[in-house]
Amino acid sequence: MELFYFFSTFLRNSIKIIALSVVAALLMAIATKTLMQAEYKTTIFISVINKVEQTIDQNYDPLSYADAADRFTEAMLGWFGNPIIFRDITSKVPEASTLDLAGVFKIRKQEKQNLNIRFSVPTEAVALKLKDATIAYLKEKIQSINKESNTQFGITGEDNFLIEHIFPPTTLYTAVTFGIALILFSLLFLFLEVLQGVVSFREQV
């Protein structure tokens, strides 16, 4: 019966409820357009390689080198769990000093020996600089590891990146706001009728 009261209240006050919901949805649309900034979503796709000279390694096995590169990719994935990497990247891109790069960057391993790095920032200029700084950091760190461990790891495909201009989903936010507003304003009018002692049904007498 309570659900019946709810829908009856909505029907009696439908014009007011819908009008208020439309106002709420319009306010959300305006807020989305004016307060929420568009973002530049950047995707970098790199592959880890393990260089080898067959003339040096007489027992050359392509699969073993591929497996080593795959394990090294796992290690690289773990680098991004260290906040130092973001401090070093920010030092190269002062414009990103206000961003929480640890929360902005999304890194995942994609198949073997591949890393997918994604981040979203307010401007295209910052996106390009962060891309360059990230690649430079990875190359420097790999070079340092190769020197200390006598390995020949490297990365390739760093030019495979995509920057997309993403706008806030105004239509989605507006529609969701309208739906929620309908429910909330219906409950509000139901509550007001209860407070005012409005008798709308025989069961209430």
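Everything in this summary refers to the structure shown in the same document.

Reading the values: the criteria
- Residues numbered from 1 in each chain as written.
- Predicted model: local features only at pLDDT ≥ 70, side-chain atom pairs only at ≥ 80, totals over all residues.
- Heavy atoms only, no water.
- Helix = DSSP H or I, 4+ residues; strand = E, 2+ residues; numbered from the N terminus.
- Expected span 1.5 Å × (residues − 1).
- Buried < 20%, exposed > 50% of the residue type's maximum accessible area, 1.4 Å probe, protein only.
- Arc of directions from axis to C-beta.
- Phe/Tyr/Trp six-rings, centres within 6.5 Å; stacked < 30°, edge-to-face > 60°.
- Lys NZ or Arg CZ within 6 Å of the ring centre and 35° of its normal.
- Axes fitted to C-alpha atoms, helices over the stretch in contact; angles between N-to-C directions.
- Parallel < 35°, antiparallel > 145°, perpendicular 65-115°, else oblique.
- Left-handed = near helix turned anticlockwise from the far one by under 90°.
- Contact = heavy atoms within 4.5 Å.
- Nonpolar A, V, L, I, M, F, W, Y, C, P; charged D, E, K, R; others polar.
- Polar contact = N/O pair within 3.5 Å; in protein donor to acceptor, adjacent residues only side chain to side chain.
- Core = buried A, V, L, I, M, F, W, Y, C linked by side-chain atoms within 4.5 Å.
- Salt bridge = Lys/Arg side-chain N within 4 Å of Asp/Glu carboxyl O.

Let's talk about helix H2 (residues 14-35)
Helix length check: H2 (22 residues) gives 31 Å between terminal C-alpha atoms against 32 Å at 1.5 Å per residue, within 8%. Along H2, the residues that are buried comprise Ile17, Ser21, Ala25, Ala29 and Thr32. All buried residues of H2 project into a common sector of 110 degrees when viewed along the axis, lining one side. H2 presents Ile15, Lys16, Leu26, Leu27, Ile30, Thr34 and Leu35 as exposed residues on the side facing more than 90 degrees away from its buried surface.

As for the packing of aromatic side chains
Two descriptors summarise a pair of aromatic rings, namely the distance from one centre to the other and the angle between the planes of the rings. With the rule as written, the count across this model stands at five aromatic pairs. Pairing Phe72 with Trp79 gives two aromatic rings, centres 5.8 Å apart and planes at 90 degrees, and the pair type is edge-to-face. Comparing Phe72 with Trp79, the two get one shared label, buried. Through a chain of ring-to-ring contacts, the aromatic side chains of Phe80, Phe86, Phe105 and Phe119 assemble into a single cluster. The lysine or arginine in question, Lys131, covers the ring of Phe161, its NZ or CZ lying 4.1 Å from the ring centre. Over the aromatic face of Trp79 sits the side chain of Lys141, whose NZ or CZ is 5.2 Å from the ring centroid.

Description of the packing of helix H4 (residues 83-92) against helix H6 (residues 124-149)
Look at H4 against H6: their axes get within 9 Å of each other, and the N-to-C directions meet at 125 degrees. In terms of orientation, H4 lies oblique with respect to H6. The element H4 and its partner H6 pack so that their crossing is right-handed. Each of Ile85, Asp88, Ile89 and Lys92 in H4 lies in contact with H6, whose residues at this interface are Leu130, Ala133, Thr134, Tyr137 and Glu140. For the contact of H4 with H6, the class distribution of residues is five nonpolar, one polar and three charged.

Some thoughts on the environment of Arg118
On the secondary structure map, Arg118 appears in strand S3 (residues 114-121). Separated by 73 residues in sequence, Arg118 and Phe45 place their C-alpha atoms 8.8 Å apart. If we ignore the near neighbours within four places in the chain, the residues touching Arg118 are Lys41, Thr42, Thr43, Val104, Phe105, Lys106 and Arg108. Within the structure, Arg118 has its side chain in polar contact with the side chain of Asn116 (distance 3.3 Å).

Focus: the nonpolar core
Among the nonpolar cores identified, the biggest contains 32 residues, and Ile46, Met76, Phe105, Phe119, Leu130, Leu138 and Ile155 are the most heavily contacted of them. Within the residue set of this core, elements represented by two or more residues are strand S1 (39-50), helix H3 (62-79), H4, helix H5 (101-104), S3, H6 and strand S4 (153-156). Once you skip the residues sitting within four places of it in the chain, Leu130 turns out to touch Ile89, Val93, Ala96, Leu101, Phe119 and Val121.

Concerning the pattern of salt bridges
Under the definition given, this model contains seven salt bridges. Lys109 is the partner of Asp70 in a salt bridge, and the nearest nitrogen-oxygen pair spans 2.5 Å. Here Asp70, found in helix H3, pairs with Lys109, found in strand S2 (residues 106-109); they are 39 residues apart in sequence, far enough to count as distant. Since its relative accessible area comes to 23%, Lys109 is described here as partly exposed. Arg87 is the partner of Asp88 in a salt bridge, and the nearest nitrogen-oxygen pair spans 3.7 Å. A relative accessible area of 55% means that Arg87 is categorised as exposed.

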